[in-house]
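Observations on the three-dimensional arrangement
Spelled out, the chains give:
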Amino acid sequence: MSFIDRHLGPRGRETETMLSTLGYDSLAHLIDEVIPSNIRLDGDLDLPAPLSELEAQKKIASYAAQNQVKHQMIGAGYYDTITPAVIRRNILENPGWYTSYTPYQPEISQGRLEALLNFQNTVMELTGLPVANASLLDEATATAEAAVLMHRANRKVKNGFFAIDSRALPQTLSVVRGRAEALDIPFEVTDFSQGLPEGDLYGVILAAPGHDGEVRDIEPLIKEAKERGALVTVAADLLSLTLLTSPGSLGADIAVGSTQRFGLPFWYGGPHAAYMAVTKGMERNLPGRLVGVSKDSAGKPAYRLALQTREQHIRREKATSNICTAQALLAIAAGAYAVYHGPEGLRAIANRLHDNAARVATALVATGLTLVHENFFDTVAFEAPGRADELVAKALEAGVNIRKLSADRICLSIGESHSEEVLDALVNALGGTLDEAEGYELPSELLRTDDYMSHPVFHLYRSETSMMRYLRALSDKDLALDRTMIPLGSCTMKLNAAAEMEPISWPELAGIHPNVPADQAQGWKALIDELSNWLVEITGYDAISLQPNSGASGEYAGLRAIRAYHEANGDTQRTVVLIPNSAHGTNAASAALAGLGVAGVATAPDGSIDVEDLKAKIEKYGDTIAGIMITYPSTHGVFEEQVVEVCQLVHDAGGQVYVDGANLNAQMGLAQPGKFGGDVSHLNLHKTFAIPHGGGGPGVGPVAVGAHLEKYLPGNGFEADAEGNLAAPLPISQAMFGSAGVLPISWMYIAMTGAEGLRESSEIAILSANYIAKKLRGLYPVLYAGETGLVAHECILDLRQLTADSGITAEDVCKRLMDYGFHAPTLSFPVPGTLMVEPTESESLAELDRFIEAMEHIHAEIQEVIDGTVTAEESVLRQAPHTAEVVTADEWDRPYPRSQAAYPVPALRLNKYFTSVGRIDGAGGDRNFVCECPPMEAFDLEAN
Ligand SMILES: *Cc1c(COP(=O)(O)O)cnc(C)c1O
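Residues numbered from 1 in each chain as written. Predicted model: local features only at pLDDT ≥ 70, side-chain atom pairs only at ≥ 80, totals over all residues. Heavy atoms only, no water.

Here we come to the packing of aromatic side chains. Enumeration over the complete set of coordinates arrives at 17 aromatic pairs. Put simply, the rings of Tyr63, Trp534 and Trp747 touch in pairs and so form one group of aromatic residues. Against the face of phenylalanine 822 rests arginine 850, its NZ or CZ located 4.0 Å from the ring centre. In this arrangement the basic side chain of lysine 912 is found over the ring face of tyrosine 903, its NZ or CZ atom lying 5.7 Å from the centre. (Phe/Tyr/Trp six-rings, centres within 6.5 Å; stacked < 30°, edge-to-face > 60°. Lys NZ or Arg CZ within 6 Å of the ring centre and 35° of its normal.)

Core analysis: the largest hydrophobic core is formed by 281 residues, its most contacted members being Leu535, Ile538, Leu614, Phe689, Trp747 and Ile750. With sequence-adjacent residues up to four places away left out, tryptophan 747 is seen in contact with Ala56, Lys59, Ile60, Tyr63, Leu527, Glu530, Leu531 and Trp534. Ala561, Ile579, Leu593 and Met629 belong to the second largest nonpolar core, which has 25 residues in total. (Core = buried A, V, L, I, M, F, W, Y, C linked by side-chain atoms within 4.5 Å. Buried < 20%, exposed > 50% of the residue type's maximum accessible area, 1.4 Å probe, protein only. Contact = heavy atoms within 4.5 Å.)

Right, let's get into the pairing of strand β15 (residues 409-413). In terms of burial, β15 is largely enclosed, as four of its five residues are buried. Judged from the five bridges that link them, strand β12 (residues 379-383) and β15 form a sheet pairing that is antiparallel. Residue pairing in the sheet places glutamate 383 in a bridge with arginine 409 of β15. Summarising the sheet, strand β14 (residues 403-406) and β15 pair through three bridges and their orientation is antiparallel. Residue pairing across strands places lysine 404 opposite isoleucine 410, the latter belonging to β15. Where β14 hands over to β15, the hairpin turn is made up of two residues, counted between the paired strands. (Helix = DSSP H or I, 4+ residues; strand = E, 2+ residues; numbered from the N terminus. Pairing = 2+ DSSP bridges.)

Burial runs high along strand β7 (residues 254-258): five of the five residues are buried. Side-chain alternation along β7 places Ile254, Val256 and Ser258 on one buried face and Ala255 and Gly257 on a second face that is also buried.

Take the environment of aspartate 849 next. Summarising the element assignment, aspartate 849 is placed in helix α27 (residues 845-866). Among the residues examined, aspartate 849 registers a relative accessible area of 30% and is labelled partly exposed. In this structure, the C-alpha to C-alpha distance between aspartate 849 and isoleucine 486, residues 363 residues apart in sequence, is 14 Å.

In this section: the sheet that holds strand β23 (residues 782-783). Sheet strands associate in pairs through backbone hydrogen bonding, adopting either a parallel or an antiparallel arrangement. What the four strands build is an open sheet, ordered β23-β24-β26-β25; its pairing is antiparallel. Strands with a single pairing partner mark the edges of an open sheet, and in this sheet they are β23 and β25 (826-827). Note that strand β24 (residues 795-798) and strand β26 (residues 834-837) share four bridges and pair antiparallel. Looking at the pairing, cysteine 795 lines up with valine 837 of β26. Along the sheet face, helix α24 (residues 743-776) touches β23, β24 and β26 and points at about 20° away from the line of β24. (Axes fitted to C-alpha atoms, helices over the stretch in contact; angles between N-to-C directions.)

Okay, unusual backbone geometry next. Omega for the bond connecting glycine 697 with proline 698 falls within 30 degrees of zero, at 20°, which places this linkage in the cis form. Turning to its location among the elements, proline 698 is positioned in the loop between β21 (680-683) and β22 (703-705). Look at the link from phenylalanine 829 to proline 830: it is a cis peptide, with omega at 0°. As for its placement among the helices and strands, proline 830 is situated in the loop between β25 and β26. In the Ramachandran plot, alanine 76 falls in the positive-phi region, its phi being about 60° despite a non-glycine side chain. On the secondary structure map, alanine 76 appears in the loop between β1 (71-72) and α5 (85-92). Its identity is not glycine, yet aspartate 184 carries a phi of approximately 60°, on the positive side. Tracing the backbone shows aspartate 184 in the loop between α9 (170-183) and β4 (187-190).

Near the ligand there are 15 residues, and of these Thr325, Ser490, Gly551, Asp660 and Lys687 occur at the shortest range. Contact distances for the ligand include 3.1 Å between an oxygen atom and a side-chain N or O atom of asparagine 684. Within the complex, the protein chains bury 97% of what would otherwise be the 380 Å² of accessible surface of the ligand. In terms of residue count, the dominant contributor to the shell around the ligand is helix α19 (residues 551-568) (three residues). Across the shell around the ligand, the residue classes tally to three nonpolar, nine polar and three charged. (Near = heavy atom within 4 Å. Polar contact = N/O pair within 3.5 Å; in protein donor to acceptor, adjacent residues only side chain to side chain. Areas by Shrake-Rupley, 256 points an atom, 1.4 Å probe, with all protein chains shown as cover. Nonpolar A, V, L, I, M, F, W, Y, C, P; charged D, E, K, R; others polar.)

Here we take up α9. In this model α9 runs 20 Å from its N-terminal to its C-terminal C-alpha over 14 residues, within 8% of the 20 Å that 1.5 Å per residue would give. The element α9 is extensively covered by neighbouring structure, given that 11 of its 14 residues are classed as buried. Those residues of α9 that are buried lie in contact with α8 (139-153), β3 (161-165), β4, β14, α19 and α20 (585-593). (Expected span 1.5 Å × (residues − 1).)

So, on to the UniProt feature "modified residue: N6-(pyridoxal phosphate)lysine" (unreviewed entry) in the chain. Following the UniProt record, one finds the feature "modified residue: N6-(pyridoxal phosphate)lysine" (unreviewed entry) at Lys687. Structurally, lysine 687 can be placed in the loop between β21 and β22. Among the residues examined, lysine 687 registers a relative accessible area of 9% and is labelled buried. Non-local contacts of lysine 687, meaning those with residues more than four positions away in its chain, are made with Ser490, Cys491, Thr492, Lys494 and Ala662. (UniProt positions renumbered as here; feature names shortened; annotations may be inferred.)

The residue proline 95 is located in helix α6 (residues 95-98) in this model. In this structure proline 95 comes out as partly exposed when scored by relative accessible area, which is 31%. Each C-alpha atom of the pair proline 95 and proline 692 lies 8.7 Å from the other, and the pair is 597 residues apart in sequence.

Moving on, we come to the domain arrangement of the chain. When the parts of a complex come together, some accessible area is lost, and that lost area is often used as the size of the interface. Partitioning the chain into structural domains gives domain 1 (3-55 + 521-754), domain 2 (95-325) and domain 3 (799-877 + 882-911). Domain 1 and domain 2 are separated by 29 Å when their C-alpha centres are compared. Contacts between the two partners involve 49 residues from domain 1, matched on the other side by 37 residues from domain 2. Between domain 1 and domain 2 lies a buried interface of about 3400 Å² when both sides are counted; carbon and sulfur atoms form 61% of it. A per-residue breakdown of the area domain 1 buries against domain 2 is headed by Leu593, Gly695 and Gln734, which together make up 19% of the total. Run the count over domain 1 and domain 2 and you get zero salt bridges. Our enumeration of links across domain 1 and domain 2 arrives at 16 residue pairs in polar contact (both at pLDDT 80 or more). Within the residue set of the side of domain 1 that touches domain 2, elements represented by two or more residues are α18 (522-539), α19 and α20. Among the elements that make up the side of domain 1 that touches domain 2, the one with the highest residue count is α20 (seven residues). (Domains from an automatic or database assignment. Buried area = accessible area lost by both parts, 1.4 Å probe. Salt bridge = Lys/Arg side-chain N within 4 Å of Asp/Glu carboxyl O.)

This paragraph deals with the UniProt feature "domain: Glycine cleavage system P-protein N-terminal" (unreviewed entry) in the chain. Within this numbering scheme, the UniProt entry marks residues 5-429 and 439-728 as carrying the feature "domain: Glycine cleavage system P-protein N-terminal" (unreviewed entry). Secondary structure within residues 439-728 divides into 31% helix and 11% strand; the distance between the first and last C-alpha atoms comes to 44 Å.

Moving on to the sheet that holds strand β17 (residues 576-580). Strand order in the open sheet formed by seven strands is β16-β22-β21-β20-β19-β17-β18, and the pairing between neighbours is mixed. Lying at the two open borders of the sheet, with one neighbouring strand each, are β16 (543-545) and β18 (597-601). When the angles between neighbouring strand axes are averaged without regard to direction, this sheet yields 25°. One ladder, built from three bridges, connects β21 with β22; its direction is antiparallel. Paired with histidine 682 across the strands is valine 703, a residue of β22. Against the sheet, α19 engages β17, β19 (625-631), β20 (656-661), β21 and β22, with an angle of about 170° to β20.

Within this structure, the stated rule accounts for 37 salt bridges. Note that arginine 919 and aspartate 812 form a salt bridge whose closest N and O atoms lie 2.9 Å from each other. Of this pair, arginine 919 sits in the loop between α29 (898-902) and α30 (922-927) while aspartate 812 is found in helix α26 (residues 810-819), placing the two residues 107 residues apart along the sequence. The pair arginine 919 / aspartate 812 is uniform in exposure class, with both members buried. With its nearest N and O atoms 2.8 Å apart, the salt bridge here joins aspartate 819 to arginine 816. Taken together, the positions of aspartate 819 and arginine 816, both in helix α26 and three residues apart, correspond to about one turn of that helix. In the salt-bridge network here, residues are joined through shared partners; they are Asp812, Glu873, Arg878 and Arg919.

What follows is the structure, encoded as structure tokens:
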């Protein structure tokens, strides 16, 4: 059987059944009616013929074989670490974890919320700060977020600037510079060994250790900065904090960094989870998602995303950041690494690395090299006048990559897998002999003496058996794609095939450091070039960058390109972006981040862009218009006829057209944004191109552009040249290819589907959405069907009248769907009081019918409330979801039978999922915000 037949849910006969339900005799006929002819692609995409699973894996293996895996001691933000097999197999390679969605619906997400809370607690304990978020995209962007956060939070210092450590990681300096320049925030790169700079300092960013490994006493700098009214961010190596005094205890306000070395492979640069922790009082300004503890309907502790969870949708351009997808799966893995090793295990690893670094230092000093600094953790820098190239080459002969700092300096970072043999070979190659360390102990005044990670979770799971069962117990609490369809509109939760996933674990792909010499990464280059070409062909643009590591960071990159283009043309006044009111919240947040203003455009009653209002806005903003951001098909799930006209109007006004490509799953092989009027689009490879959602990341958000914008795509200016200049345009992520490690998934998907398979994916996605719309519209009106009464690849079910009549809300329906074993559709986006359903092409007719049946039953349950049989308060809907504990309680005083609570449809008797908690009090959790792991007593059965 071909891969596409495995990828598509409906089988041949089922497709016919669905078509006849809709009154069509062929799929082609249906698609002709859905997609406006003026944007329709004629002919097929030019892609290679589809490969079978086996052939595709062989081909990608041939690319992997072109990479050369060395022992990586380059450091610079990426360190050698060992992924415990129990974590790789039971988390990273386990669909129960990687196919789950961002935990907006907390009752079906308690497992991953607990895992993320473990991550947060690890970060809080090690940084000594009381609040940490559940991951950011990478260390460099996390540091940029900190710079912006300090700017916003420090109201005392007006019109000030921030100073960043000249010894911050090179990629951090580049990304921070780009962000600050976009927002016109003044800053200085400072050598802090000379003290703090003069002037109105609102913030300071210190690197601990410095990129060349030096461990310094940063306490005096922090003290002075605080005395001068500045806020302080420390970019800290989390593992070093198992030994060194925490930034929090030194008075820092913010700590940021990477958790890559907590068990995650290099992956040629990503994905890895960055962290950010802040002091009390700053939690409401913290970017990204944050897990908090609340209570469920029975008063039991329960986890949920807290505070600014959906704030891009609510606050749009005023949001604290544009971060939506982050690095949840990687954070879960890093947190599990901390749980598995515990504080003493982490400390032992850190001590071993330090000791090995000291041994290598001792041996190489004996050969005549001198140390750049005597205090280091795992990274040692050597003076070697005129010999850097020679030493790097010699190390390579021993199979080790080390880092050249300059013609006269080298640097190397010791990692967890570097065995005696490896260290020995390295030292021998450099002319020395490995022995015991002489000196180089970390200064005792810099060592931490406090206790950390004392919570039981960091002590209970030392044996692999107990760890395996803990991970299984957590994932059993969750609903992911391995149990049910996840019909989330705008999120495209399609199959993430095992054959697509497997290659990402291969050492030949996973073991490559992003800064290796080009000849060691030939396989990566071939794979990335080919994937780039395919995506260019699919979108109809001319060039693409795979650097953005989320959709929102793709938006930011694309908007920066638009801004740079206008500036190059002398149009510096073009700083306003028109954004339809129905747009995804990240659109406006990204515009703000790119230093652009936002003007809303109204939505017409049929859900399309209100062209009259657009014309009025164009008139009003004239030559200040930078461009428009539209989503196509729109967030309302319709292919708008006038998209070509909209693009034309904006072009005529001198603006650029940004087409948000998150909905590309509706148009692969059918229409191309680069051809119907777009100048730039981001794609979501974690939606359309089969990268799993990971519970909230990783993502890849490539930005594709027309030829005129190509030179403004994010660049590779990660290291300054001899004059201190960085190549423009500046990068927007910390690695050239962002989350490279998951690109093989999309490569495999396209290689196995081919042009026809991609088109079929979109066609079946459209068919499935229309089938659901047709079956349910008699009960739930479908908003915004096109002129033909058809929708695109998703449909919006309008519950507002039912809510008015019954008091039962769309949220009640989401919770009740859990009792039927379903993940809820997208709630109240883009229209409040509605549910947006996107089935994707991967669901079988039986699964679609199971969902339809659940929605029909739920409608009948709502009808009982409307009829006055039961009040909304007491109804089975408001009381949902029902835990096994509630349903089996000895007392039962509810107006509906237990069987209706738990088994409302017969099929549930064969396959039943119970949520582990009842409905969670969201508002209460925000009022009393807690993000620490609750003490064990909180779960005490006697106390509850
Ligand atoms: C998902 C989505 C985004 C944001 O993508 P992230 O990867 O979550 O940052 C932007 N626009 C639309 C329409 C989306 O559906």
